[in-house]
2 protein chains.
Amino acid sequence: MSRVTVEKKVLSENDRIAADLRERYRQNGVLVVNLISSPGSGKTTLLERTLESFAPGTKVAVLTGDIQTDNDARRLARFGFPVKQITTGGACHLDARMIEKSLEDWDLANLDMLIIENVGNLVCPTSYDLGEEAKIVLLSVTEGDDKPLKYPGIFHRAELMLLTKMDLLPYVPFDAAAARENARKVHPAMEILEVSSTTGAGLDKWLGWLATRRSR
Amino acid sequence: MSRVTVEKKVLSENDRIAADLRERYRQNGVLVVNLISSPGSGKTTLLERTLESFAPGTKVAVLTGDIQTDNDARRLARFGFPVKQITTGGACHLDARMIEKSLEDWDLANLDMLIIENVGNLVCPTSYDLGEEAKIVLLSVTEGDDKPLKYPGIFHRAELMLLTKMDLLPYVPFDAAAARENARKVHPAMEILEVSSTTGAGLDKWLGWLATRRSR
(Lines give C-alpha, C1' and ligand atoms only; values in the text may rest on other atoms or scores of the structure.)
Protein backbone atom coordinates (compact mmCIF):
# COMPACT_ATOMS: atom_id res chain seq x y z
CA MET A 1 0.00 0.00 0.00
CA SER A 2 1.43 3.40 -0.86
CA ARG A 3 1.93 6.10 1.75
CA VAL A 4 -0.90 8.16 0.25
CA THR A 5 -3.27 5.17 0.36
CA VAL A 6 -2.43 4.53 4.01
CA GLU A 7 -2.91 8.21 4.84
CA LYS A 8 -6.31 8.16 3.12
CA LYS A 9 -7.36 5.08 5.07
CA VAL A 10 -6.29 6.66 8.37
CA LEU A 11 -8.25 9.81 7.51
CA SER A 12 -11.41 7.96 6.48
CA GLU A 13 -11.32 5.97 9.74
CA ASN A 14 -10.88 9.28 11.58
CA ASP A 15 -13.84 10.79 9.70
CA ARG A 16 -16.05 7.87 10.71
CA ILE A 17 -15.27 8.34 14.42
CA ALA A 18 -15.58 12.13 14.10
CA ALA A 19 -19.07 11.70 12.60
CA ASP A 20 -20.09 9.59 15.62
CA LEU A 21 -18.67 12.23 17.97
CA ARG A 22 -20.50 15.03 16.12
CA GLU A 23 -23.79 13.17 16.50
CA ARG A 24 -23.16 12.65 20.24
CA TYR A 25 -22.32 16.35 20.72
CA ARG A 26 -25.54 17.27 18.87
CA GLN A 27 -27.72 14.92 20.90
CA ASN A 28 -26.32 16.32 24.15
CA GLY A 29 -26.34 19.95 23.03
CA VAL A 30 -22.59 20.44 23.55
CA LEU A 31 -20.80 23.20 21.64
CA VAL A 32 -17.35 21.88 20.69
CA VAL A 33 -14.60 24.13 19.38
CA ASN A 34 -11.10 23.13 18.28
CA LEU A 35 -8.32 25.70 18.85
CA ILE A 36 -5.41 25.44 16.43
CA SER A 37 -2.23 27.53 16.10
CA SER A 38 1.56 27.50 16.01
CA PRO A 39 3.27 26.62 19.26
CA GLY A 40 3.38 29.76 21.37
CA SER A 41 0.51 31.70 19.80
CA GLY A 42 -1.25 31.91 23.15
CA LYS A 43 -3.87 29.13 23.15
CA THR A 44 -3.38 28.14 26.79
CA THR A 45 -3.21 31.72 28.06
CA LEU A 46 -6.41 32.60 26.19
CA LEU A 47 -8.05 29.55 27.76
CA GLU A 48 -6.92 30.67 31.22
CA ARG A 49 -8.62 34.04 30.69
CA THR A 50 -11.66 32.30 29.20
CA LEU A 51 -12.12 29.82 32.06
CA GLU A 52 -11.61 32.47 34.73
CA SER A 53 -14.40 34.53 33.15
CA PHE A 54 -16.95 31.71 33.51
CA ALA A 55 -19.27 31.60 36.52
CA PRO A 56 -18.77 28.62 38.83
CA GLY A 57 -21.12 25.88 37.73
CA THR A 58 -20.69 26.67 34.03
CA LYS A 59 -20.79 23.32 32.28
CA VAL A 60 -17.53 23.62 30.36
CA ALA A 61 -14.69 21.14 29.99
CA VAL A 62 -11.30 21.27 28.26
CA LEU A 63 -9.21 18.68 26.43
CA THR A 64 -5.69 19.90 25.83
CA GLY A 65 -3.21 18.19 23.51
CA ASP A 66 0.56 18.16 23.61
CA ILE A 67 3.28 15.87 22.37
CA GLN A 68 4.82 15.68 25.83
CA THR A 69 4.11 17.14 29.32
CA ASP A 70 0.86 17.86 31.13
CA ASN A 71 1.89 21.48 31.82
CA ASP A 72 -1.16 22.91 30.07
CA ALA A 73 -3.67 20.72 31.90
CA ARG A 74 -2.11 21.77 35.21
CA ARG A 75 -2.33 25.45 34.22
CA LEU A 76 -5.98 25.06 33.25
CA ALA A 77 -7.17 22.78 36.07
CA ARG A 78 -6.89 25.49 38.72
CA PHE A 79 -10.10 27.15 37.49
CA GLY A 80 -12.15 24.22 38.79
CA PHE A 81 -13.61 22.93 35.52
CA PRO A 82 -12.89 19.41 34.20
CA VAL A 83 -9.64 19.40 32.24
CA LYS A 84 -7.83 16.45 30.71
CA GLN A 85 -4.44 16.35 29.03
CA ILE A 86 -3.99 14.24 25.90
CA THR A 87 -0.31 13.44 25.43
CA THR A 88 0.19 12.26 21.85
CA GLY A 89 3.71 10.93 22.42
CA GLY A 90 4.95 12.11 19.04
CA ALA A 91 1.89 12.77 16.87
CA CYS A 92 1.65 16.41 15.84
CA HIS A 93 -2.17 16.55 16.07
CA LEU A 94 -5.13 15.16 17.99
CA ASP A 95 -7.35 12.64 16.24
CA ALA A 96 -10.96 11.64 16.75
CA ARG A 97 -10.10 8.38 18.51
CA MET A 98 -8.06 10.25 21.16
CA ILE A 99 -11.07 12.49 21.80
CA GLU A 100 -13.46 9.52 21.93
CA LYS A 101 -11.23 7.76 24.46
CA SER A 102 -10.83 10.89 26.63
CA LEU A 103 -14.61 11.33 26.76
CA GLU A 104 -15.23 7.78 28.01
CA ASP A 105 -15.53 8.80 31.65
CA TRP A 106 -17.20 12.19 31.12
CA ASP A 107 -20.97 12.43 30.77
CA LEU A 108 -21.69 14.67 27.79
CA ALA A 109 -25.21 15.29 29.11
CA ASN A 110 -23.56 17.33 31.89
CA LEU A 111 -21.71 19.63 29.47
CA ASP A 112 -22.70 22.71 27.50
CA MET A 113 -19.30 23.37 26.00
CA LEU A 114 -16.13 21.41 25.27
CA ILE A 115 -13.03 23.34 24.27
CA ILE A 116 -10.30 21.34 22.56
CA GLU A 117 -6.80 22.84 22.52
CA ASN A 118 -4.96 21.06 19.74
CA VAL A 119 -1.21 20.34 19.59
CA GLY A 120 0.71 23.48 18.58
CA ASN A 121 1.03 23.05 14.83
CA LEU A 122 -0.37 24.93 11.83
CA VAL A 123 -0.34 21.91 9.51
CA CYS A 124 -0.99 18.48 11.03
CA PRO A 125 -4.26 19.23 12.90
CA THR A 126 -5.87 20.66 9.75
CA SER A 127 -7.02 17.38 8.22
CA TYR A 128 -8.22 15.70 11.42
CA ASP A 129 -11.91 16.26 12.01
CA LEU A 130 -12.68 15.95 15.74
CA GLY A 131 -16.44 16.28 15.25
CA GLU A 132 -16.19 19.90 16.37
CA GLU A 133 -18.68 22.63 15.48
CA ALA A 134 -15.91 25.04 14.57
CA LYS A 135 -12.18 25.19 14.11
CA ILE A 136 -10.63 28.41 15.44
CA VAL A 137 -7.17 29.51 14.34
CA LEU A 138 -5.00 31.77 16.50
CA LEU A 139 -2.36 34.00 14.92
CA SER A 140 -0.22 36.10 17.24
CA VAL A 141 1.11 39.48 16.15
CA THR A 142 4.63 38.27 16.92
CA GLU A 143 4.36 35.92 13.92
CA GLY A 144 4.32 37.01 10.28
CA ASP A 145 1.27 38.68 8.78
CA ASP A 146 1.68 36.44 5.70
CA LYS A 147 0.97 33.23 7.65
CA PRO A 148 -2.54 32.80 6.13
CA LEU A 149 -0.94 32.61 2.68
CA LYS A 150 1.79 30.22 3.81
CA TYR A 151 -0.60 27.89 5.67
CA PRO A 152 -3.80 28.21 3.62
CA GLY A 153 -5.19 24.84 4.73
CA ILE A 154 -6.00 25.80 8.28
CA PHE A 155 -6.99 29.38 7.48
CA HIS A 156 -9.39 28.05 4.87
CA ARG A 157 -11.01 25.60 7.29
CA ALA A 158 -11.22 27.78 10.41
CA GLU A 159 -14.40 29.82 10.89
CA LEU A 160 -12.79 32.32 13.20
CA MET A 161 -9.31 33.82 13.33
CA LEU A 162 -8.19 35.28 16.64
CA LEU A 163 -5.36 37.79 16.31
CA THR A 164 -3.67 37.32 19.68
CA LYS A 165 -1.09 39.28 21.73
CA MET A 166 -2.45 42.57 20.36
CA ASP A 167 -0.73 44.36 23.28
CA LEU A 168 2.62 43.62 21.59
CA LEU A 169 1.63 45.32 18.32
CA PRO A 170 3.64 48.52 19.06
CA TYR A 171 6.85 46.50 19.35
CA VAL A 172 6.63 44.27 16.28
CA PRO A 173 6.56 44.80 12.50
CA PHE A 174 3.18 43.02 12.19
CA ASP A 175 0.66 44.65 9.81
CA ALA A 176 -2.77 43.72 11.18
CA ALA A 177 -4.59 45.04 8.12
CA ALA A 178 -2.40 42.88 5.86
CA ALA A 179 -3.04 39.84 8.08
CA ARG A 180 -6.80 40.35 7.82
CA GLU A 181 -6.54 40.82 4.07
CA ASN A 182 -4.38 37.70 3.67
CA ALA A 183 -6.81 35.66 5.78
CA ARG A 184 -9.75 36.81 3.65
CA LYS A 185 -7.87 36.00 0.42
CA VAL A 186 -7.79 32.39 1.61
CA HIS A 187 -11.19 32.49 3.28
CA PRO A 188 -13.43 35.42 2.30
CA ALA A 189 -16.08 34.73 5.00
CA MET A 190 -13.53 34.44 7.83
CA GLU A 191 -14.62 36.02 11.11
CA ILE A 192 -11.75 37.89 12.75
CA LEU A 193 -11.39 39.12 16.33
CA GLU A 194 -8.45 40.88 17.96
CA VAL A 195 -7.60 39.96 21.55
CA SER A 196 -4.97 40.45 24.22
CA SER A 197 -4.92 37.96 27.07
CA THR A 198 -2.52 40.30 28.89
CA THR A 199 -4.62 43.48 28.89
CA GLY A 200 -7.98 41.77 28.42
CA ALA A 201 -8.78 43.89 25.35
CA GLY A 202 -11.18 42.13 23.00
CA LEU A 203 -11.92 39.23 25.36
CA ASP A 204 -15.54 40.39 25.67
CA LYS A 205 -16.00 39.89 21.92
CA TRP A 206 -14.42 36.43 22.06
CA LEU A 207 -16.64 35.42 25.00
CA GLY A 208 -19.60 36.88 23.12
CA TRP A 209 -18.72 34.76 20.09
CA LEU A 210 -18.70 31.61 22.26
CA ALA A 211 -21.98 32.59 23.95
CA THR A 212 -23.68 33.18 20.60
CA ARG A 213 -22.53 29.83 19.26
CA ARG A 214 -23.67 28.09 22.46
CA SER A 215 -27.16 29.51 22.21
CA ARG A 216 -27.70 28.51 18.58
CA MET B 1 1.50 -2.45 4.91
CA SER B 2 0.75 -0.59 8.13
CA ARG B 3 1.10 3.14 8.47
CA VAL B 4 4.14 2.75 10.70
CA THR B 5 5.82 0.41 8.17
CA VAL B 6 5.23 2.90 5.36
CA GLU B 7 6.58 5.74 7.51
CA LYS B 8 9.70 3.70 8.27
CA LYS B 9 10.23 2.96 4.58
CA VAL B 10 9.88 6.65 3.69
CA LEU B 11 12.38 7.58 6.40
CA SER B 12 14.94 4.93 5.41
CA GLU B 13 14.74 6.11 1.77
CA ASN B 14 15.23 9.67 3.06
CA ASP B 15 18.24 8.58 5.13
CA ARG B 16 19.86 7.00 2.08
CA ILE B 17 19.57 10.22 0.04
CA ALA B 18 20.68 12.30 3.03
CA ALA B 19 23.82 10.16 3.38
CA ASP B 20 24.63 10.84 -0.29
CA LEU B 21 24.09 14.55 0.24
CA ARG B 22 26.28 14.56 3.38
CA GLU B 23 29.10 12.93 1.42
CA ARG B 24 28.75 15.52 -1.38
CA TYR B 25 28.81 18.39 1.12
CA ARG B 26 31.93 16.91 2.72
CA GLN B 27 33.75 16.44 -0.59
CA ASN B 28 33.01 20.03 -1.56
CA GLY B 29 33.72 21.53 1.88
CA VAL B 30 30.25 23.03 2.25
CA LEU B 31 28.92 23.75 5.74
CA VAL B 32 25.19 22.97 5.73
CA VAL B 33 22.88 24.04 8.55
CA ASN B 34 19.17 23.36 8.88
CA LEU B 35 17.08 26.02 10.67
CA ILE B 36 13.95 24.69 12.38
CA SER B 37 11.30 26.48 14.45
CA SER B 38 7.60 27.21 14.86
CA PRO B 39 6.07 29.44 12.23
CA GLY B 40 6.86 33.03 13.16
CA SER B 41 9.93 32.47 15.36
CA GLY B 42 12.00 34.69 13.12
CA LYS B 43 13.95 32.37 10.80
CA THR B 44 13.61 34.54 7.71
CA THR B 45 14.36 37.79 9.54
CA LEU B 46 17.47 36.26 11.11
CA LEU B 47 18.55 35.13 7.63
CA GLU B 48 18.04 38.65 6.28
CA ARG B 49 20.37 40.01 8.98
CA THR B 50 22.80 37.15 8.38
CA LEU B 51 23.00 37.60 4.60
CA GLU B 52 23.34 41.36 4.84
CA SER B 53 26.36 40.88 7.13
CA PHE B 54 28.25 38.81 4.55
CA ALA B 55 30.77 40.46 2.24
CA PRO B 56 29.86 40.40 -1.46
CA GLY B 57 31.45 37.34 -2.96
CA THR B 58 30.82 35.18 0.12
CA LYS B 59 30.01 31.74 -1.22
CA VAL B 60 26.72 31.22 0.58
CA ALA B 61 23.38 30.00 -0.72
CA VAL B 62 19.95 29.53 0.85
CA LEU B 63 17.17 27.00 0.35
CA THR B 64 13.95 28.11 2.00
CA GLY B 65 10.96 25.84 2.51
CA ASP B 66 7.30 26.71 2.80
CA ILE B 67 4.02 24.94 2.18
CA GLN B 68 2.83 27.74 -0.09
CA THR B 69 4.19 31.08 -1.40
CA ASP B 70 7.67 32.18 -2.38
CA ASN B 71 7.54 35.20 -0.04
CA ASP B 72 10.64 34.16 1.87
CA ALA B 73 12.78 33.57 -1.22
CA ARG B 74 11.82 37.02 -2.48
CA ARG B 75 12.75 38.58 0.88
CA LEU B 76 16.12 36.81 0.87
CA ALA B 77 17.05 37.18 -2.81
CA ARG B 78 17.65 40.93 -2.53
CA PHE B 79 21.01 40.37 -0.80
CA GLY B 80 22.47 39.03 -4.04
CA PHE B 81 23.28 35.46 -2.97
CA PRO B 82 21.69 32.42 -4.62
CA VAL B 83 18.31 31.66 -3.01
CA LYS B 84 15.78 29.06 -4.00
CA GLN B 85 12.28 28.49 -2.64
CA ILE B 86 11.08 24.94 -2.09
CA THR B 87 7.27 24.88 -2.00
CA THR B 88 6.19 21.60 -0.46
CA GLY B 89 2.53 21.94 -1.48
CA GLY B 90 1.25 20.46 1.78
CA ALA B 91 4.15 18.60 3.39
CA CYS B 92 5.08 20.08 6.76
CA HIS B 93 8.83 19.52 6.33
CA LEU B 94 11.59 19.41 3.74
CA ASP B 95 13.01 16.01 2.82
CA ALA B 96 16.36 14.98 1.38
CA ARG B 97 14.98 14.42 -2.13
CA MET B 98 13.67 18.00 -2.29
CA ILE B 99 17.15 19.24 -1.35
CA GLU B 100 18.83 16.92 -3.88
CA LYS B 101 16.54 18.18 -6.63
CA SER B 102 17.06 21.85 -5.72
CA LEU B 103 20.82 21.39 -5.85
CA GLU B 104 20.78 19.94 -9.39
CA ASP B 105 21.67 23.22 -11.06
CA TRP B 106 23.96 24.61 -8.35
CA ASP B 107 27.65 23.68 -8.32
CA LEU B 108 28.53 22.73 -4.75
CA ALA B 109 32.20 23.32 -5.53
CA ASN B 110 31.35 27.04 -5.68
CA LEU B 111 29.80 27.10 -2.20
CA ASP B 112 31.24 27.38 1.31
CA MET B 113 27.93 27.44 3.12
CA LEU B 114 24.36 26.35 2.48
CA ILE B 115 21.67 27.52 4.86
CA ILE B 116 18.41 25.58 4.79
CA GLU B 117 15.35 27.26 6.27
CA ASN B 118 12.90 24.47 6.97
CA VAL B 119 9.08 24.74 6.90
CA GLY B 120 7.80 26.39 10.10
CA ASN B 121 7.03 23.41 12.30
CA LEU B 122 8.49 22.06 15.55
CA VAL B 123 7.58 18.45 14.84
CA CYS B 124 7.60 17.24 11.23
CA PRO B 125 11.12 18.39 10.22
CA THR B 126 12.69 16.63 13.20
CA SER B 127 12.92 13.14 11.67
CA TYR B 128 14.03 14.18 8.19
CA ASP B 129 17.81 14.19 7.85
CA LEU B 130 18.86 16.58 5.06
CA GLY B 131 22.53 15.60 5.27
CA GLU B 132 23.20 18.77 7.25
CA GLU B 133 26.12 19.29 9.61
CA ALA B 134 23.88 20.76 12.29
CA LYS B 135 20.24 21.34 13.06
CA ILE B 136 19.58 24.70 14.71
CA VAL B 137 16.35 25.34 16.59
CA LEU B 138 14.95 28.85 17.06
CA LEU B 139 12.71 29.67 20.02
CA SER B 140 11.34 33.19 20.26
CA VAL B 141 10.68 34.81 23.62
CA THR B 142 7.07 35.40 22.55
CA GLU B 143 6.52 31.62 22.77
CA GLY B 144 6.42 29.60 25.99
CA ASP B 145 9.61 28.87 27.93
CA ASP B 146 8.41 25.26 28.34
CA LYS B 147 8.59 24.52 24.60
CA PRO B 148 11.76 22.35 24.94
CA LEU B 149 9.81 20.01 27.25
CA LYS B 150 6.76 19.94 25.00
CA TYR B 151 8.75 19.32 21.80
CA PRO B 152 11.72 17.30 23.07
CA GLY B 153 12.45 15.68 19.70
CA ILE B 154 13.80 18.76 17.99
CA PHE B 155 15.47 20.22 21.08
CA HIS B 156 17.24 16.92 21.58
CA ARG B 157 18.51 16.79 18.00
CA ALA B 158 19.52 20.43 17.53
CA GLU B 159 23.09 21.40 18.41
CA LEU B 160 22.30 25.05 18.89
CA MET B 161 19.27 26.86 20.25
CA LEU B 162 18.82 30.48 19.27
CA LEU B 163 16.59 32.45 21.62
CA THR B 164 15.19 35.03 19.21
CA LYS B 165 13.31 38.35 19.55
CA MET B 166 15.23 39.11 22.76
CA ASP B 167 14.24 42.79 22.33
CA LEU B 168 10.66 41.80 23.22
CA LEU B 169 11.66 40.23 26.56
CA PRO B 170 10.50 43.25 28.64
CA TYR B 171 6.96 42.91 27.26
CA VAL B 172 6.38 39.16 27.63
CA PRO B 173 6.17 36.67 30.52
CA PHE B 174 9.03 34.56 29.07
CA ASP B 175 11.59 33.30 31.61
CA ALA B 176 14.86 32.96 29.66
CA ALA B 177 16.61 31.12 32.51
CA ALA B 178 13.78 28.57 32.62
CA ALA B 179 13.97 28.15 28.83
CA ARG B 180 17.71 27.45 29.02
CA GLU B 181 17.17 25.02 31.88
CA ASN B 182 14.36 23.22 30.04
CA ALA B 183 16.49 22.95 26.89
CA ARG B 184 19.37 21.46 28.86
CA LYS B 185 17.04 18.97 30.59
CA VAL B 186 16.29 17.59 27.13
CA HIS B 187 19.79 18.14 25.76
CA PRO B 188 22.51 18.79 28.36
CA ALA B 189 25.20 19.77 25.81
CA MET B 190 22.96 22.25 23.96
CA GLU B 191 24.69 25.44 22.85
CA ILE B 192 22.46 28.47 23.43
CA LEU B 193 22.73 31.98 22.00
CA GLU B 194 20.44 34.95 22.51
CA VAL B 195 19.76 37.21 19.53
CA SER B 196 17.60 40.08 18.39
CA SER B 197 17.29 40.64 14.65
CA THR B 198 15.65 44.01 15.42
CA THR B 199 18.38 45.56 17.58
CA GLY B 200 21.23 43.40 16.28
CA ALA B 201 22.16 42.26 19.81
CA GLY B 202 23.86 38.87 19.83
CA LEU B 203 24.18 38.64 16.04
CA ASP B 204 27.99 38.80 16.35
CA LYS B 205 27.95 35.60 18.41
CA TRP B 206 25.67 33.86 15.91
CA LEU B 207 27.89 34.91 12.99
CA GLY B 208 30.91 33.80 15.03
CA TRP B 209 29.29 30.40 15.55
CA LEU B 210 28.80 30.02 11.79
CA ALA B 211 32.36 31.18 11.06
CA THR B 212 33.81 28.70 13.55
CA ARG B 213 31.84 25.82 12.07
CA ARG B 214 32.86 26.85 8.55
CA SER B 215 36.55 26.78 9.42
CA ARG B 216 36.50 23.34 11.03
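Bear in mind that the values here come from a model prediction, so they are computed numbers and not experimental data.

Peer 1: What exactly am I supposed to notice about the overall build of chain A here?
Peer 2: Helix and strand counts for chain A stand at eight helices and seven strands. A compact globule built from 216 residues should have a C-alpha radius of gyration of about 17 Å, and chain A, at 17 Å, falls within 12% of that. Within chain A, the fraction of its 216 residues that count as buried is 58%. Long-range contacts, defined here as pairs at least 24 residues apart, represent 72% of the contacts in chain A between residues at least 6 apart. Summed over all atoms, the accessible surface of chain A reaches about 8,800 Å², with 50% contributed by carbon and sulfur. Taken together, the 28 basic and 30 acidic charged side chains of chain A have centroids lying 2 Å from each other.

Peer 1: Can you walk me through the environment of H93 of chain B in this structure?
Peer 2: All names here are of chain B. Relative to the assigned elements, H93 resides in the loop between β3 (83-87) and α4 (96-102). You can call H93 buried: its relative accessible area is 7%. Along the chain, H93 and N121 lie 28 residues apart, while their C-alpha atoms are 7.3 Å from each other. Residues within four places of H93 in sequence aside, it is in contact with T88, M98, N118, V119, C124, P125 and Y128.

Peer 1: In this structure, what is going on with helix α8 (residues 203-214) of chain A? I would like to understand it.
Peer 2: The periodicity of an α-helix, 3.6 residues per turn, causes residues three or four positions apart to be oriented the same way. Counted at 1.5 Å a residue, the expected span for α8 of chain A with its twelve residues is 16 Å, and the 16 Å between its end C-alpha atoms agrees. Those residues of α8 of chain A hidden inside the fold are in contact with β1 (31-36), α2 (43-53), β4 (113-117), β5 (134-140), β6 (160-164) and β7 (191-194) of chain A.

Peer 1: Help me understand the interface of chain B and chain A in this model?
Peer 2: In this assembly, 37 residues from chain B lie in contact with 37 residues from chain A. Of the roughly 2,900 Å² buried at the junction of chain B and chain A (both faces included), carbon and sulfur atoms supply 56%. Summed over the shared surface of chain B and chain A, the number is ten residue pairs in polar contact (both at pLDDT 80 or more). It is helix α1 (residues 3-28) of chain B that provides the largest number of residues to the side of chain B that touches chain A, a total of four residues. For the side of chain B that touches chain A, the class distribution of residues is 17 nonpolar, eleven polar and nine charged.

Peer 1: Explain the sheet that holds β1 of chain A here, please?
Peer 2: Working definition: the strands of a sheet are paired by backbone hydrogen bonds and lie parallel or antiparallel to each other. All names here are of chain A. Read across the open sheet, the seven strands follow the order β3-β2-β4-β1-β5-β6-β7; overall the sheet is parallel. Among the strands making up the open sheet, the edge pair consists of β3 (83-87) and β7. Neighbour-to-neighbour, the strand axes of this sheet turn through a mean angle of 20°, independent of strand direction. Across four bridges, β6 lies against β7 in parallel orientation. Bridge pairing in β7 links L160 to E191. Contacting β1, β2 (60-66), β4, β5 and β6, α2 crosses the sheet at an angle of about 160° to β4.

Peer 1: For this particular structure, what's the right way to read the state of the cysteines?
Peer 2: Throughout this description, disulfide means a covalent bond between two cysteine sulfur atoms. Residue and element names in this part refer to chain A. Per the stated rule, a full pass over the model turns up two disulfides over all chains. Each sulfur in the disulfide pair C92 and C124 lies 2.2 Å from the other. Because the sign of the S-S torsion sets the handedness, a value of about -95° for the bond joining C92 and C124 places this disulfide among the left-handed ones. Taken together, the residues C92 in the loop between β3 and α4 (96-102) and C124 in the loop between β4 and β5 connect sequence positions 32 residues apart.

Peer 1: Is there a simple way to explain the nonpolar core in this structure?
Peer 2: Considering soluble globular proteins, one finds that nonpolar side chains tend to be buried as a cluster. Membership of the largest hydrophobic core comes to 52 residues, with the highest contact counts inside it found for F155, M161 and L163 of chain A together with F155, M161 and L163 of chain B. Of all the elements in the fold, those that place two or more residues in this core are β5, α6 (152-157), β6 and α7 (176-186) of chain A together with β5 (134-140), α6 (152-157), β6 (160-164) and α7 (176-186) of chain B. F155 of chain A has contacts with L122, V137, L139, K147, P148, M161, V186, H187 and M190 of chain A, leaving out every residue within four places of it along the chain.

Peer 1: I'm lost on the packing of aromatic side chains in this one. Help?
Peer 2: What describes a pair of aromatic rings is the distance from one ring centre to the other and the angle between the planes of the rings. Under the counting rule described, the total for this entry stands at five aromatic pairs over all chains. Seen in terms of ring centroids, Y171 of chain A and Y171 of chain B are 3.5 Å apart; in terms of plane orientation they differ by 5°. Their pairing is stacked. With Y171 of chain A in the loop between β6 and α7 and Y171 of chain B in the loop between β6 and α7, the pair connects residues from two separate chains. Given a relative accessible area of 36%, Y171 of chain A falls into the partly exposed group. On the basis of an interplanar angle of 15° and a centroid distance of 6.2 Å, the ring pair of W206 of chain B and W209 of chain B is categorised as stacked. A residue pair is termed a helical-turn pair when its members lie 3 or 4 positions apart in one helix, as W206 of chain B and W209 of chain B do in helix α8 (residues 203-215) at three residues. On the accessibility criterion, W206 of chain B (0% relative accessible area) is buried. With relative accessibility at 7%, the residue W209 of chain B sits in the buried group. The cationic tip of K84 of chain A hangs over the ring face of W106 of chain A; the distance from NZ or CZ to the ring centre is 4.8 Å.

Quick notes on the rules
- Residues numbered from 1 in each chain as written.
- Chains lettered and ligands numbered in written order.
- Predicted model: local features only at pLDDT ≥ 70, side-chain atom pairs only at ≥ 80, totals over all residues.
- Heavy atoms only, no water.
- Helix = DSSP H or I, 4+ residues; strand = E, 2+ residues; numbered from the N terminus.
- Rg over C-alpha atoms; globule rule 2.2 N^0.38 Å.
- Buried < 20%, exposed > 50% of the residue type's maximum accessible area, 1.4 Å probe, protein only.
- Contact = heavy atoms within 4.5 Å.
- Areas by Shrake-Rupley, 256 points an atom, 1.4 Å probe, with all protein chains shown as cover.
- Lys, Arg positive; Asp, Glu negative; His and termini not counted.
- Charge placed at Lys NZ, Arg CZ, Asp CG, Glu CD.
- Expected span 1.5 Å × (residues − 1).
- Buried area = accessible area lost by both parts, 1.4 Å probe.
- Polar contact = N/O pair within 3.5 Å; in protein donor to acceptor, adjacent residues only side chain to side chain.
- Nonpolar A, V, L, I, M, F, W, Y, C, P; charged D, E, K, R; others polar.
- Pairing = 2+ DSSP bridges.
- Axes fitted to C-alpha atoms, helices over the stretch in contact; angles between N-to-C directions.
- Disulfide = S-S within 2.5 Å.
- Core = buried A, V, L, I, M, F, W, Y, C linked by side-chain atoms within 4.5 Å.
- Phe/Tyr/Trp six-rings, centres within 6.5 Å; stacked < 30°, edge-to-face > 60°.
- Lys NZ or Arg CZ within 6 Å of the ring centre and 35° of its normal.

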